[in-house]
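# Structure at a glance
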Amino acid sequence: MAELLLNPHRVPSYQSAAPLPGPRAFHTRLPGYASTPLRTLAPLAARLGIAALWVKDESSRLGLPAYKVLGASWATYRAISARLGSPPEPWADLDQWRQNLGGLTPLRLVTATDGNHGRGVARVARWLGWPAEVCLPRGSAPARLEGI
């Protein structure tokens, strides 16, 4: 049986009188944000006998080949807001976001993953100038390690 490690420093989920912006309002301020493009798969639609088939192209999300950076950034923002007691608003770019972190010393972002979520957490840590620790399962593919 795997050992379960509990974080004694866990910050409770965000609770404050100050409302958080919605995820979309938050994400649109991140560098390189763009709406997910839709791609048509007309040949496959024809083979399936349906009028149209579209797929969300998440091959480049905020400079990463996966959408996981959206969840990692939003979770980090919520944890920071909980630790501060209110959202670090207003901010329009990463420099302002970092300035609004107040007296927070550089925190270490930590996650356990077997892939793209670790890339997202590492990217957010880099944006904030913080260290990241990404725990991968033993035997993870070298390409996953390099990607993170």
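Conventions used here
Residues numbered from 1 in each chain as written. Predicted model: local features only at pLDDT ≥ 70, side-chain atom pairs only at ≥ 80, totals over all residues. Heavy atoms only, no water. Core = buried A, V, L, I, M, F, W, Y, C linked by side-chain atoms within 4.5 Å. Buried < 20%, exposed > 50% of the residue type's maximum accessible area, 1.4 Å probe, protein only. Helix = DSSP H or I, 4+ residues; strand = E, 2+ residues; numbered from the N terminus. Contact = heavy atoms within 4.5 Å. Axes fitted to C-alpha atoms, helices over the stretch in contact; angles between N-to-C directions. Parallel < 35°, antiparallel > 145°, perpendicular 65-115°, else oblique. Left-handed = near helix turned anticlockwise from the far one by under 90°. Nonpolar A, V, L, I, M, F, W, Y, C, P; charged D, E, K, R; others polar. Phe/Tyr/Trp six-rings, centres within 6.5 Å; stacked < 30°, edge-to-face > 60°. Pairing = 2+ DSSP bridges. Right-handed = clockwise from strand over helix to strand, strands pointing away.

## So, the nonpolar core
One finds Leu 30 and Trp 97 to be the most contacted residues of the largest nonpolar core, which totals 23 residues. Listing elements by their share of this core, those giving two or more residues are helix 3 (68-84), helix 4 (94-99) and helix 5 (116-128). When residues no more than four places from it in sequence are discounted, the contact partners of Leu 30 are Leu 62, Ser 73, Trp 91, Leu 94, Trp 97 and Trp 127.

## Examining the packing of helix 3 against helix 5
At a minimum axis separation of 8 Å, helix 3 and helix 5 run at an interaxial angle of 50°. Here helix 3 is positioned oblique relative to helix 5, judged by the angle of their axes. Handedness of the crossing formed by helix 3 with helix 5: right-handed. When helix 3 is examined against helix 5, the residues Lys 68, Val 69, Ala 72, Ser 73, Thr 76 and Ile 80 are found in contact with a partner set consisting of Asn 116, His 117, Gly 120, Val 121, Arg 123, Val 124, Trp 127 and Leu 128. Of the residues in the contact of helix 3 with helix 5, the class split is 7 nonpolar, 5 polar and 2 charged.

## Topic: the packing of aromatic side chains
How two aromatic rings sit relative to each other is set out by the distance from centre to centre and by the angle between their planes. On inspection of all chains with the given rule, the structure shows 8 aromatic pairs. Note on Phe 26 and Trp 97: the rings are 5.6 Å apart at their centroids and 85° apart in plane angle, and the pair reads as edge-to-face. Taken together, the positions of Phe 26 in helix 1 (residues 23-27) and Trp 97 in helix 4 put the pair 71 residues apart, joining distant regions of the chain. The exposure class of Phe 26 is buried, given its relative accessible area of 0%. Of the residues examined, Trp 97 reaches a relative accessible area of 0% and is grouped as buried.

## Notes on the pairing of strand 4 (residues 132-135)
Pairing of strand 3 (residues 109-112) with strand 4, which is carried by 4 bridges, proceeds in the parallel orientation. Considered in strand 4, the bridge of Leu 109 is made with Ala 132. Note that the unit made of strand 3, helix 5 and strand 4 has a crossover that is right-handed.

## Details of the environment of Glu 133
Mapped onto the elements of the fold, Glu 133 is located in strand 4. By relative accessible area, Glu 133 is classed as partly exposed at 37%. Distance from Glu 133 to Ala 122, taken between C-alpha atoms, is 7.7 Å for residues 11 residues apart in sequence. If near-sequence neighbours (up to four positions away) are discounted, Glu 133 is found in contact with Arg 108, Leu 109, Val 110 and Thr 111.

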